[in-house]
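So the chains spell out like this:
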Amino acid sequence: MSTHASDPLAALGSLPGVADAVDSVRKAVDRVYGHRVMRRRSNEISSEAALRGARGSAALSGADWALEEVRRRTDFSADAEARTVGAALRLGAEAGQLLSIWRQSPLRVLARLHLVAAGDAGVSGVSVGGPGDSVGRPRLDGEAVDEPLVRAPLPTPSEVAGRLDGLAELIVAGSEAPALVTSSVVHAELLALRPFTSYNGLVARAAERIALVGSGLDPKAICPAEVGHAEQGRAAYLAAFEGYLSGTPEGVGAWIAHCGRSVELGVRESTAVCEALQRGAA
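Residues numbered from 1 in each chain as written. Predicted model: local features only at pLDDT ≥ 70, side-chain atom pairs only at ≥ 80, totals over all residues. Heavy atoms only, no water.

With respect to the pattern of salt bridges
Put simply, the rule reads: Between Lys or Arg on one side and Asp or Glu on the other, a salt bridge is scored when a side-chain nitrogen of the former is within 4 Å of a carboxyl oxygen of the latter. Helix and strand definitions follow DSSP, with helices as H or I runs of at least four residues and strands as E runs of at least two, each counted in order from the N terminus.
Summed over all chains, the structure comprises 16 salt bridges. Among the ionic pairs, E68 bridges to R71, the shortest N-O distance being 3.3 Å. One end of the pair is E68 and the other is R71, both in helix 4 (residues 67–72) and 3 residues apart, which spans about a single turn. With its nearest N and O atoms 3.1 Å apart, the salt bridge here joins R209 to E226. Of this pair, R209 sits in helix 11 (residues 200–214) while E226 sits in helix 12 (residues 225–232), and the two are 17 residues apart along the sequence. Counted as one network, the salt bridges with shared partners bring together E48, R52, E68, R71 and E269.

Here is the structure:
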């Protein structure tokens with residue numbers, strides 16, 4: 001039996017509102033997994049959840065495209081918004097390939113996520129100081145961070161390194177904390193640290209998805225929390241994140257509950273997809 005000293009994530013389960021959020025998420029996930037369409041067409045639901053999750057994550061990062069536009073496009077290099085949507089789609093496709101590595105080497109997964117998000121910039125920047133030189137590694141002193149959504153004070157690279165190591169140790173050690181708690185902390189820590197020079201929000205939300213899927217809560221990846229984060233809106237997202245940054249029990253608990261509501265809204269989205277498939281409308 002873990003103690004809160006050796007398993008600090010477990011202690012967060014007793015914060016205000018967290019137990020109710022965990023219970024509500026568990027019931028919602030169980031309901032969608034019990035849908036009759038899931039028995040024979042779960043791969044289609046997973047693919048659609050990845051697409052809709054990518055659209056939601058990109059929307060939070062400033063590229064709020066209609067779902068059909070995301071579905072229709074093939075070129076995501078035209079401008080900054082298109083590159084953001086392309087990055088979100090690549091992350092959604094890559095996340096499932098990294099589940100086996102996450103519990104053994106989360107820092108390696110984060111580096112890979114940033115490399116995938118950066119796309120061509122990560123491939124073409126071969127010279128020191130070139131456009132891809134900062135890709136796939138934590139930022140260094142003096143490097144600017146392009147993160148359009150989060151304006152909180154930026155930790156120093158040395159702080160980033162220490163907190164990333166601490167987060168990785170918690171993931172590798174495992175926890176008795178509910179999946180919602182762990183995934184919410186992963187998400188918030190990466191938003192707070194902004195360890196890379198770009199795409200930190202997209203990477204944070206992709207890591208949240210990996211944590212939810214890898215925990216066994218959502219093994220088929222059909223409950224896209226990114227959909228719910230976007231549906232609740234940027235203002236609510238940032239207000240909840242500010243609560244996490246405050247470090248108060250109420251603030252951290254409210255962030256976890258916000259993430260729980262996002263998962264439930266993702267469940268609702270996939271339930272609607274199941275119903276459409278059952279009617280033959282999708």
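After presenting the structure, the write-up continues.
Description of empty space enclosed by the protein
Picture a little ball the size of a water molecule; that probe, rolled over the atoms, points out where space is still empty. What counts is decided by this rule: Here a cavity denotes a set of grid points, spaced 1 Å apart and computed over the protein atoms alone, in which a 1.4 Å probe fits but from which it cannot get out, and a pocket denotes an open set meeting protein on both sides within 12 Å along at least five of seven lines; residues with an atom within 4 Å of a point are reported as lining. Grid points are joined across faces, edges and corners, and a volume is the space filled by probe spheres set on the points. All residues other than Ala, Val, Leu, Ile, Met, Phe, Trp, Tyr, Cys, Pro, Asp, Glu, Lys and Arg, Gly among them, are scored as polar; the first ten of these are nonpolar and the last four charged.
Per the counting criterion, the structure on display carries 2 cavities of 30 Å³ or more. Taken as a whole, the largest cavity holds about 100 Å³ of empty space. Elements supplying a minimum of two residues to the lining of the largest cavity: helix 3 (38–60), helix 5 (80–95) and helix 11. In this structure, the second largest cavity occupies an estimated 40 Å³ of space. Taken together, R209, L212, V213, D218, A221, C223, P224, A225 and E226 make up the lining of the second largest cavity. Breaking the lining of the second largest cavity down by element, the ones donating at least two residues are helix 11 and helix 12. Here the lining of the second largest cavity gets 3 residues from one element, more than from any other, and that element is helix 11. Tallied by class, residues from the lining of the second largest cavity come to 6 nonpolar, no polar and 3 charged.

Some thoughts on the side chain of H258
Note the cut-off: Residues are treated as being in contact if the distance between any of their heavy atoms lies within 4.5 Å.
As for its position among the elements, H258 is in helix 14 (residues 249–279). Once you skip the residues sitting within four places of it in the chain, H258 turns out to touch H229, Q232, A236, Y237 and A240.

Section: the side chain of E189
Within the secondary structure, E189 is located in helix 10 (residues 179–193). Setting aside chain neighbours within four positions, we find E189 in contact with R163, L167 and Y244.

Describing unusual backbone geometry
Trans is the prevailing form of peptide bonds, just as negative phi is the prevailing case for residues other than glycine. Rules: Burial classes: relative accessible area under 20% of the type maximum marks a residue as buried, over 50% as exposed, and values in between as partly exposed (1.4 Å probe, protein chains only).
Phi at R194 is positive, roughly 40°, even though this residue is not glycine. Summarising the element assignment, R194 is placed in the loop between helix 10 and helix 11. By relative accessible area, R194 is classed as buried at 3%. Non-glycine residue A221 carries a positive phi angle of around 55°.

What to know about helix 9 (residues 157–173)
Condition: Between the first and last residue of a helix there are one fewer steps than residues, each counted as 1.5 Å, and that sum is the expected span. By construction, the arc corresponds to the directions joining the helix axis to the C-beta atoms.
For helix 9, which comprises 17 residues, the first-to-last C-alpha distance of 24 Å matches the rise-based estimate of 24 Å (1.5 Å per residue) to within 8%. When helix 9 is considered as a whole, its buried residues turn out to be P157, V160, L164, L167, A168 and I171. The buried residues of helix 9 all sit within an arc of 100° when viewed along its axis, so they share a single face. When the buried face of helix 9 is taken as reference, the exposed residues oriented beyond 90 degrees from it are S158, E169 and A173. Contacts made by the buried residues of helix 9 are with helix 6 (99–102), helix 7 (106–118) and helix 10.

A look at the nonpolar core
Selection criterion: Remark: nonpolar core denotes a set of buried residues (Ala, Val, Leu, Ile, Met, Phe, Trp, Tyr, Cys) joined through side-chain atoms within 4.5 Å.
Core analysis: the biggest nonpolar cluster contains 82 residues, and W102, L110, L113, W255 and V263 have the highest contact counts within it. Broken down by element, this core gets its largest block of residues, 10 residues, from helix 10. When near neighbours in sequence (up to four residues on either side) are disregarded, L110 contacts W102, L164, L190, F196, V203 and A207.

A word on the packing of aromatic side chains
Here is the rule: Ring pairs shown here join Phe, Tyr and Trp side chains whose ring centres sit within 6.5 Å, with only the six-membered ring taken for Trp; geometry is labelled stacked below 30 degrees between planes, edge-to-face above 60, and tilted in between.
On inspection of all chains with the given rule, the structure shows 3 aromatic pairs. Cluster of aromatic residues (ring-pair linked, three or more members): Y237, F241 and W255.

Points about helix 5
Owing to its 3.6 residues per turn, the α-helix aligns residues three or four sequence positions apart on the same side. As a reminder, the rule being used: Distance and chemistry together define a polar contact, namely a pair of N or O atoms within 3.5 Å, with one atom able to donate a hydrogen and the other to accept it when in protein, and with adjacent residues in sequence counting only for side-chain atoms on both sides.
Taking 1.5 Å as the rise per residue, helix 5 with 16 residues should run 22 Å; its terminal C-alpha atoms sit 22 Å apart, in good agreement. Between the side-chain oxygen at the start of helix 5 and the backbone nitrogen of E81 there is a gap of 3.2 Å, and the oxygen is on D79.

What to know about the packing of helix 9 against helix 10
Rules: Note on method: axes are straight lines fitted to C-alpha atoms, helices fitted across the in-contact stretch only, with angles between N-to-C directions ranging 0 to 180 degrees. With respect to orientation, any angle under 35 degrees is reported as roughly parallel, any angle over 145 as roughly antiparallel, any angle of 65 to 115 as roughly perpendicular, and every other angle as oblique.
The interhelical angle for the contact between helix 9 and helix 10, taken along N-to-C directions, is 170°, at an axis separation of 11 Å. Classified by the angle their axes make, helix 9 and helix 10 are roughly antiparallel. Taken together, the residues of helix 10 that come into contact with helix 9 (itself represented by V160, R163, L164, L167 and I171) are V185, V186, E189, L190, A192 and L193. Of the residues in the contact of helix 9 with helix 10, the class split is 9 nonpolar, no polar and 2 charged.

Side note on the state of the cysteines
Structurally, a disulfide amounts to a covalent bond that connects the sulfur atoms of two cysteines. Selection criterion: Any cysteine sulfur atom paired with another within 2.5 Å is treated as part of a disulfide.
Within the structure shown, the criterion is met by 0 disulfides. There is no disulfide at C223, and the cysteine sulfur nearest it, in C274, is 9.6 Å away. On the basis of relative accessibility, which here comes to 0%, the residue C274 falls in the buried class.

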